[in-house]
Each structure stands twice: as structure tokens, then as C-alpha cells.
Amino acid sequence: MTNRIDLAKKAPKVYRAMIALDAAAREGLDEQLAELVRIRASQLNHCAYCLNMHTVDARKGGETEARIYLLNAWEEAGDLYTEKERAALRLTEAITVLSSHEYVSDEVYEQAAKHFGEEELAQLIALIFTINSWNRIAVSTRKVPDVH
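Here the structure is a predicted model, which is why all the values come from computation and not from measurement.

About the thresholds
Residues numbered from 1 in each chain as written. Predicted model: local features only at pLDDT ≥ 70, side-chain atom pairs only at ≥ 80, totals over all residues. Heavy atoms only, no water. UniProt positions renumbered as here; feature names shortened; annotations may be inferred. Helix = DSSP H or I, 4+ residues; strand = E, 2+ residues; numbered from the N terminus. Phe/Tyr/Trp six-rings, centres within 6.5 Å; stacked < 30°, edge-to-face > 60°. Buried < 20%, exposed > 50% of the residue type's maximum accessible area, 1.4 Å probe, protein only. Salt bridge = Lys/Arg side-chain N within 4 Å of Asp/Glu carboxyl O.

1. Remarks on the UniProt feature "domain: Carboxymuconolactone decarboxylase-like" (unreviewed entry) in the protein
Summarizing the sequence annotation, UniProt attributes the feature "domain: Carboxymuconolactone decarboxylase-like" (unreviewed entry) to residues 12-93 in the numbering used throughout. The straight-line gap between the two end C-alpha atoms of residues 12-93 is 30 Å; of that span, 71% is helix and 0% is strand.

In C-alpha cells:
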């Protein structure tokens, strides 16, 4: 598998807009929680490039190996993740996999709203749709992770 076009070079305005969107979406969110969300969305979207990037970043931010390894089975991992993190991960899955959920259910949304104030919830939703956009960019252009 090889890389395709380089979006940063071929559509620089779009790429710069994504960088700005990404920075704006992260504002006010706990970085450790944000990395869990980015990793989970990237797992669901099969984005190797983003998975590599965000697991490396999560480790640098102090995330444990166990929490990274078990993220794919977070619901079965007992109390390894906080209730707030669980609400964020549930919302991440609902927004990322719209076809299987049809809509983000009121239950999922209300559970997230219990743990996040309105501004923080808005930022979380922005973070989720931003990582989904990055995943789609990386998958469609076949960005390959640098793991050497």
C-alpha cells in the first residue's frame, strides 16, 4: 500500500482549515480524554496512520499501556475508564458509526451531557467530527504510519 496524493500540497487551503479546525476543537478539553476519543474513532475507522499518531501522543501524555490496549473493549474493561470517559467513548462511537446507530440516541447524548457542561460537550462533539475527518483524509489518501 502506498500513499496517494498529499492533501497538504494539493489542497493547502483545505489542509490549513483542517489544522485550524483541529486546534479549535481541542480547546478546553482534557488532553488525555481527547487522545482516548481520537484513538477510539481511529480504531472504528481503521485508520492506521491516526492510530499510530494518537497512541504515541497518548503515551507521551502519560496514558497507560493497559488503557490503550483495552480501548477497543472499553465496555468490558470494568472500571479502567471513568464514567466521564465512558460517556465520551459512547458518544464517539455513536457519532463515528452513524449507519449502525442511525442517529445519536437521546440516551447516549444525555449521558454525555451529564458529564460535560454545554461548552465542553460542544468541544467534544467538535473533536469527534474532526478526528473522523482526519481519519477519512488519511484513509482515502492511504497515509502510512511511520513506525520505523
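So, next bit.
2. What to know about the packing of aromatic side chains
Scanning all chains against the criterion turns up one aromatic pair. Considering the side-chain rings of Tyr15 and Trp134, the 5.6 Å spacing of their centres and the 75 degrees angle between planes classify their relative orientation as edge-to-face. Within this pair, whereas Tyr15 is found in helix α2 (residues 12-26), its partner Trp134 is found in helix α9 (residues 118-140), the two being separated by 119 residues in sequence. Judged by its relative accessible area of 14%, Trp134 is buried.

3. What about the pattern of salt bridges?
Scanning all chains against the criterion turns up 10 salt bridges. For Arg67, the salt bridge identified is with Glu85, shortest N-O distance 2.7 Å. Linking Arg67 in helix α5 (residues 65-69) with Glu85 in helix α6 (residues 83-96), this pair joins segments that are 18 residues apart in sequence. Accessibility classification places Arg67 together with Glu85 in one group, the buried group. Within the structure, one salt-bridge network assembled from shared partners comprises Glu31, Glu35 and Arg38.

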